[in-house]
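In case you want the letters, here they are:
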Amino acid sequence: MTAVEPVAQLNEPLSRQTPEILDKKIYQLVLSPKTALKFSKKDVRSTLKASTLDGVFATIFESATTGVLLSNFLLQLGASSVEIGIFSAIPMVVNLLQPLGAYIADRTTSRHWYNLFVFGASRLLWLVLAVAIVWGSQHAESHQLLQWTLVTVVAASVLAAFANSSWFSWMAAVVPQRLRGRYFGFRNSAVSLITLLGVPLMGLGVSTWGADPIFGYGIVLLVGVLAGMISLGCQFFMVDVNPQLYKKDAKSDRLTEKKAHKITDFVPSVLKDSNFLMFILYFSVWTFAVNLSAPFFNIYLLKNLSLDVSLVTIYTSLSSGANLLLLLFWGKLADRWGNRPLLIAVGLVVALTPLLWLGTGNYPFALWVWLPLLHLLGGTTLGAIGLCTNNIQMEIAPIEQPSTYFAIAAAVSGVAGALGTTAGGFLAELPGMSLGAVFALSASVRLIALVPLILVREPRSQSLRSIVPTFGRFKFNRRLGNFRTTLPIENSETPTVR
């Protein structure tokens, strides 16, 4: 079964109402619920196929420019934990530019060409760095390569921040609402599959040049940039959206509400929403706590345990595989029970996970049993956290002006994450401190972060007390992602995938 089969069941033309965006990082402007755009089934079908391919190739690019491969490259250049923490913080800090990027993108006449220009420029910067690494591995000093990498990460992240919200607004406009959950679940599963297969292969490519891993990373980065440009080429097969057209259609809907939603009323209205402020408190502390340790797990494996990068990438692929297998399950569970109870229950497991890393080491049982299990656990639980965190924001944000709430959430989480990675790097370098102590501190702060979440109110969310007795009654069938339960489903708004 493919992701686009259900499209054939819809009546032409397809209408798009208020979008529900299920991605885990970025938030953007959405339309008035009274406004609808219409596309033919053929346009939607080609867009879904092209967007899936876009995600597949973009994942190859992101795998080469982030994560364990970039961390290993920085270690080869002699970067310290503080410097690696700063590198990890940069993409989070630039989230502050997302509202400005959305403001500019909404004044253009084409989502496609705006994204092509901004993302194209961002990815070409990595091409320049890749060429510099291949050349500089023999002719430049490590410190100079480190400086070039820092400049590239900053510039590319800033450019990407200006286009991220535009891309998600584009997807929200062209993906039918009734297919959105199933489609993005399929798309994210395809992305996880590519990560599962691609990251170990790229890690093996770096290890192939054992005498010169810096040169090896330069070659892998060239391949990654090529995949990134192919992903932009896939967007030519997606139906374009002119933001000005649906602005014009929605103008009459907004006229009666214009006085009530002036930009000057934005901050006061947010400050009066105690439920959203409680969520922001949880989200900011949780993001800080997770990023206090998350960037340094790979550093711990590569530096402290002296593991080969190819083995670490295999661990990473195990996380992606676990995420791939259970992503649809978590989505259905969230639709049935609500996002808040899952965030609390799964969050407890995620909070305690860093403590399990304290028993690891460079011995056979840890390398072949304990560490793989930890990565499987991480892939399983963090996939649920990412999905439910995005969904709960859609639930608690007001219908009248949701984009302003999303912008604040993205900005606050970006700053909190940046502070977390930076603080983790500094703490790891302090006399008497170690990465193990940072892991333990991260677990403690994660537990504290869950306290405000208990006070958050989510519509249609069930209590933990009511769902715990029923969890054991879920049964998987032979098809991935389908499950049955004795709970009544008459009130479920999400159709079961058959």
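Residues numbered from 1 in each chain as written. Predicted model: local features only at pLDDT ≥ 70, side-chain atom pairs only at ≥ 80, totals over all residues. Heavy atoms only, no water.

Scanning the chain from N- to C-terminus turns up 18 helices and four strands. Here the chain holds 498 residues, and the buried ones make up 54% of them. Pairs at least 24 residues apart make up 85% of the contacts formed inside the chain by residues separated by at least 6 positions. By element, 65% of the accessible surface of the chain is carried by carbon and sulfur atoms, the whole surface being about 22400 Å². (Helix = DSSP H or I, 4+ residues; strand = E, 2+ residues; numbered from the N terminus. Buried < 20%, exposed > 50% of the residue type's maximum accessible area, 1.4 Å probe, protein only. Contact = heavy atoms within 4.5 Å. Areas by Shrake-Rupley, 256 points an atom, 1.4 Å probe, with all protein chains shown as cover.)

Another point: the packing of helix 14 (residues 339–356) against helix 17 (residues 435–454). Contact pair helix 14 / helix 17: the axes reach a minimum separation of 7 Å and the direction vectors enclose 165°. On the basis of the axis angle, helix 14 is roughly antiparallel to helix 17. Relative to helix 17, helix 14 is oriented so that their crossing is left-handed. For the pair helix 14 and helix 17, the contacting residues are Arg-340, Leu-343, Ile-344, Gly-347, Leu-348, Val-350, Ala-351, Leu-352, Pro-354 and Leu-355 in the first and Phe-439, Ala-440, Ser-442, Ala-443, Arg-446, Leu-447, Leu-450, Leu-453 and Ile-454 in the second. Here the contact of helix 14 with helix 17 is built from residues that sort into 15 nonpolar, two polar and two charged. (Axes fitted to C-alpha atoms, helices over the stretch in contact; angles between N-to-C directions. Parallel < 35°, antiparallel > 145°, perpendicular 65-115°, else oblique. Left-handed = near helix turned anticlockwise from the far one by under 90°. Nonpolar A, V, L, I, M, F, W, Y, C, P; charged D, E, K, R; others polar.)

The subject of this paragraph is the side chain of Asn-72. Mapped onto the secondary structure, Asn-72 falls in helix 2 (residues 67–76). Its relative accessible area of 8% is what places Asn-72 among the buried residues. Setting aside residues no more than four positions away along its own chain, Asn-72 makes contact with Val-206, Leu-302 and Val-309.

Our focus in this paragraph is the packing of aromatic side chains. Under the defined criterion, the tally for this structure stands at eleven aromatic pairs. Here the aromatic rings of Phe-297 and Trp-357 are separated by 4.5 Å at their centres, their planes lie at 25°, and the arrangement is stacked. You can see Phe-297 sitting in helix 12 (residues 297–304) and its partner Trp-357 sitting in the loop between helix 14 and helix 15 (364–396), a full 60 residues away along the chain. Accessibility classification places Phe-297 together with Trp-357 in one group, the buried group. When the ring centre of Phe-61 is taken as origin, the NZ or CZ atom of Arg-123, which lies over that ring, is 5.0 Å away. (Phe/Tyr/Trp six-rings, centres within 6.5 Å; stacked < 30°, edge-to-face > 60°. Lys NZ or Arg CZ within 6 Å of the ring centre and 35° of its normal.)

Judged by nonpolar contacts, the single largest core of 51 residues is most densely connected at Leu-221, Leu-301, Leu-307 and Leu-371. Broken down by element, the residue count for this core peaks at six residues, all from helix 2. In this structure, Leu-221 is in contact with Ala-64, Thr-65, Trp-126, Leu-129, Ala-130 and Ile-133, ignoring residues within four places of it in sequence. Core analysis: the second largest hydrophobic core is formed by 29 residues, Phe-283, Ala-334, Cys-388 and Ala-449 among them. (Core = buried A, V, L, I, M, F, W, Y, C linked by side-chain atoms within 4.5 Å.)

Per-chain confidence: the chain averages 77 in pLDDT, with 77% of residues scoring 70 or above. When mean pLDDT is taken per element in the chain, helix 17 scores highest with 94 and strand 1 (residues 14–16) scores lowest with 30. Predicted confidence for residues 1–36 stays below pLDDT 50, and this span has 109 contacts to residues more than four positions away or in other chains. The low-confidence segment residues 475–498, where pLDDT is below 50, has 41 contacts with residues more than four positions distant or belonging to other chains. (pLDDT = per-residue confidence, 0-100.)

Okay, helix 14 next. Taking 1.5 Å per residue, 18 residues should reach 26 Å; helix 14 reaches 26 Å between its end C-alpha atoms and fits that length. Maximal helix bending in helix 14 amounts to about 30°, located at Gly-347. Where helix 14 is concerned, the buried positions are Asn-339, Arg-340, Pro-341, Leu-342, Leu-343, Ile-344, Val-346, Gly-347, Val-350, Ala-351, Thr-353 and Pro-354. (Expected span 1.5 Å × (residues − 1). Bend = angle between axes of the 7 residues up to and from the residue.)

We now examine helix 17. An α-helical turn contains 3.6 residues, so any two residues separated by three or four positions project in the same direction. The end-to-end C-alpha distance of helix 17, which contains 20 residues, comes to 30 Å, matching closely the 28 Å that a straight helix rising 1.5 Å per residue would cover. Along helix 17, the residues that are buried comprise Leu-435, Val-438, Phe-439, Ser-442, Ala-443, Val-445, Arg-446, Ala-449, Leu-450, Pro-452 and Leu-453.

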